[in-house]
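# Summary of structural features
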Amino acid sequence: MSSDPCRSRFTTGLARDVRGWLSEAACVDEDPELFFPLVERESDPQVAAARGVCRRCRVLSACRSWALEHGEDAGIWGATTAAQRRAMSRHPRSGTDPQEAT
């Protein structure tokens, strides 16, 4: 694990099983702040950059599922914003892929 203090705070509170898939994530070597923009607007370049990392990730589905199951209300997880995850939670069977909106 990196000595980056942000990454340490980010991963320390996560359960062991989450840290397992997280270690395989494309974002593991990225600055964690990239995934927590101050404003999560669809048009924000930081949101687009974070999603770009997510789209090349082999554990994208696990990440998105974890964020949905745990009500993660901040940041980009599995290429979704908090607003997208709230919408997905309200309409779990809508079949809408949040990537189609980007």
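Everything below is about the structure printed above this text.
Everything quoted here is computed from the prediction, not taken from an experiment.

About the criteria used
- Residues numbered from 1 in each chain as written.
- Predicted model: local features only at pLDDT ≥ 70, side-chain atom pairs only at ≥ 80, totals over all residues.
- Heavy atoms only, no water.
- Buried < 20%, exposed > 50% of the residue type's maximum accessible area, 1.4 Å probe, protein only.
- Helix = DSSP H or I, 4+ residues; strand = E, 2+ residues; numbered from the N terminus.
- Arc of directions from axis to C-beta.
- Contact = heavy atoms within 4.5 Å.
- Polar contact = N/O pair within 3.5 Å; in protein donor to acceptor, adjacent residues only side chain to side chain.
- Salt bridge = Lys/Arg side-chain N within 4 Å of Asp/Glu carboxyl O.

Within the span of helix α3 (residues 45-55), buried status applies to V47, A50, R51, V53 and C54. Down the axis of α3, the buried set is contained in an arc of 155°. They therefore lie on one face. Residues of α3 that are buried in the fold lie against α4 (60-69) and α5 (82-90). A distance of 2.6 Å separates the backbone nitrogen of Q46 from a side-chain oxygen at the start of α3, and that oxygen is part of D44.

Time to look at the pattern of salt bridges. Here the structure, examined in full by the defined rule, presents 3 salt bridges. Residue R58 pairs with E24 through a salt bridge whose shortest N-O separation is 2.5 Å. Here R58 is found in the loop between α3 and α4, whereas its partner E24 is found in the loop between α2 (16-22) and α3, with 34 residues between them in sequence. For R58, a relative accessible area of 67% puts it in the exposed group. For E30, the salt bridge goes to R56, with nearest N and O atoms at 3.2 Å. Of this pair, E30 sits in the loop between α2 and α3 while R56 sits in the loop between α3 and α4; the two residues are 26 residues apart in sequence, bridging distant segments of the chain. Among the residues examined, E30 registers a relative accessible area of 25% and is labelled partly exposed.

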